[in-house]
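# Summary of the model geometry
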Amino acid sequence: MELKSYKKASEIPKKYLASLVDAEIECWWSRPFDEYKICTNPNCKAIFSIEDIYETVANYINRINDELAKNFKCSCCNSKTELIYEKNKFLEIIKEYIKWEVSRVLLIDDNERVEGFWVLSKTNLSGAINYEFATRPASYDKEELLKSLSKELFWTEDAWEEQISLLHQIYVSHLYRWTWFWKQILNSILEFNWNDNIPILLETRYDSEFYPISKTLWFKNIMNDKYWYTCQYIPKKDYFILANKPTILKEISAKFSFYKKEALEILSLNNSFLTQKFYISN
Ligand SMILES: [Zn+2]
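Throughout what follows, the structure given in this document is the object of discussion. This structure is a prediction, so every number in the text was calculated from the model and none was measured.

Moving on, we come to the sheet that holds strand β2 (residues 37–39). On the basis of which strands lie adjacent, the open sheet formed by four strands has the order β4-β2-β3-β12 and antiparallel pairing. With partners counted over all chains shown, the strands left at the sheet margins are β4 (81–83) and β12 (277–278), one partner each. Inspection of the sheet shows strand β3 (residues 46–48) paired to β12 by two bridges, in the antiparallel sense. Bridged to Ala46 within β12 is Phe278.

So, about the coordination of the zinc ion. The zinc ion binds to the protein through Cys39 (SG), Cys44 (SG), Cys74 (SG) and Cys77 (SG); the donor distances cover 2.3 to 2.4 Å. Seen from the zinc ion, its four donor atoms lie at angles of 97 to 115°, and the figure they make is tetrahedral. Owing to a relative accessible area of 31%, Cys77 belongs among the partly exposed residues under this scheme.

Let's shift gears to the environment of Lys250. As for its placement among the helices and strands, Lys250 is situated in helix α11 (residues 248–268). Separated by 78 residues in sequence, Lys250 and Val172 place their C-alpha atoms 19 Å apart.

On to unusual backbone geometry, then. Comment: phi is negative for the bulk of residues other than glycine, and the bulk of peptide bonds are trans. In the segment running from Arg31 into Pro32, the intervening peptide bond is cis, with an omega of 5°. By secondary structure assignment, the location of Pro32 is in the loop between α1 (14–29) and β2. Phi angles above zero are rare outside glycine, and Lys45 is one such case at about 55°. For Lys45, the location among the structural elements is in the loop between β2 and β3.

In contact at an axis separation of 10 Å, α1 and helix α5 (residues 87–97) are set at 115° when each is read in the N-to-C sense. By the angle between their directions, the pair α1 and α5 is classed as roughly perpendicular. The hand of the α1/α5 crossing is right-handed. On α5, the residues that touch Leu17, Ala18, Leu20, Val21, Asp22, Glu24, Ile25 and Trp28 of α1 are Lys87, Phe90, Leu91, Ile94 and Lys95. Tallied by class, residues from the contact of α1 with α5 come to nine nonpolar, no polar and four charged.

For the pair helix α6 (residues 125–132) and helix α7 (residues 142–154), the least separation of the axes is 11 Å and the interaxial angle reads 150°. If you check the angle between α6 and α7, you find them roughly antiparallel. α6 and α7 meet at a crossing whose hand is right-handed. Contacts between α6 and α7 involve Leu125, Ile129 and Asn130 from the former and Lys142, Leu145, Leu146, Leu149, Ser150 and Phe154 from the latter. The class makeup of the residues in the contact of α6 with α7 is six nonpolar, two polar and one charged.

Procedures and definitions
Residues numbered from 1 in each chain as written. Predicted model: local features only at pLDDT ≥ 70, side-chain atom pairs only at ≥ 80, totals over all residues. Heavy atoms only, no water. Pairing = 2+ DSSP bridges. Helix = DSSP H or I, 4+ residues; strand = E, 2+ residues; numbered from the N terminus. Donors = N, O, S within 2.8 Å, 3.2 Å for Na, K, Ca; no water. Tetrahedral: all angles 85-135°; square planar, octahedral: opposite > 155°, others 65-115°. Buried < 20%, exposed > 50% of the residue type's maximum accessible area, 1.4 Å probe, protein only. Axes fitted to C-alpha atoms, helices over the stretch in contact; angles between N-to-C directions. Parallel < 35°, antiparallel > 145°, perpendicular 65-115°, else oblique. Left-handed = near helix turned anticlockwise from the far one by under 90°. Contact = heavy atoms within 4.5 Å. Nonpolar A, V, L, I, M, F, W, Y, C, P; charged D, E, K, R; others polar.

Spelled out as structure tokens, the structure:
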């Protein structure tokens, strides 16, 4: 097992890219993101996770119930379902994406399989709002998000062109979650951004296991989208203190339940986010 850091993600060897796509798929297709299949009925658009269809991610990896998955009908309206992201398209998108200012850390197992990944991209606020945070239909109110981020991070009305770093979802496969990696993950991410000293944004869902961690790391919620994803930020001065804190892992485990409860309380304000999820039309 080892961590491999690529300050320039374009230098990731080809042999890891297909496996990286598998890991990304596992991340986004499983709970709580649930972006595996979508109902083809335009009036329904229910979305389903790997677990909704295969019961467990392990079953999916071992291709148990494949036939069932292929013919899976929407449990709300009985229409056909289709993949939200095709693997080959995903691979092409990643190949293009890493040509930008993107850094990645990969967690590689002894069989050279990617079992975890985390990504930091440098972009500006307009890139984050119009591209990175715009993968779901009609998710954020873009103008409101720009206004709030401009005010919090740059003390101005419109910081459209200001540089930020974007920390994407950190993913560690179910096999290796909750092991020794957290400190290394944190440090490797902060090292990427160290000399740039610009604010970091991230996006996660309230019911993601990453939410209590990012909150303990002093990220603050700024806005929800329509699907109960939340955009968070950390000002540039704070992550210097954070990286040098020897007790950070203890703090994460001590505060985990507190922030998990906080997330569930927020979610309980709209129960539809806790049950079947639907994408809406643009
Ligand atoms: Zn349906």
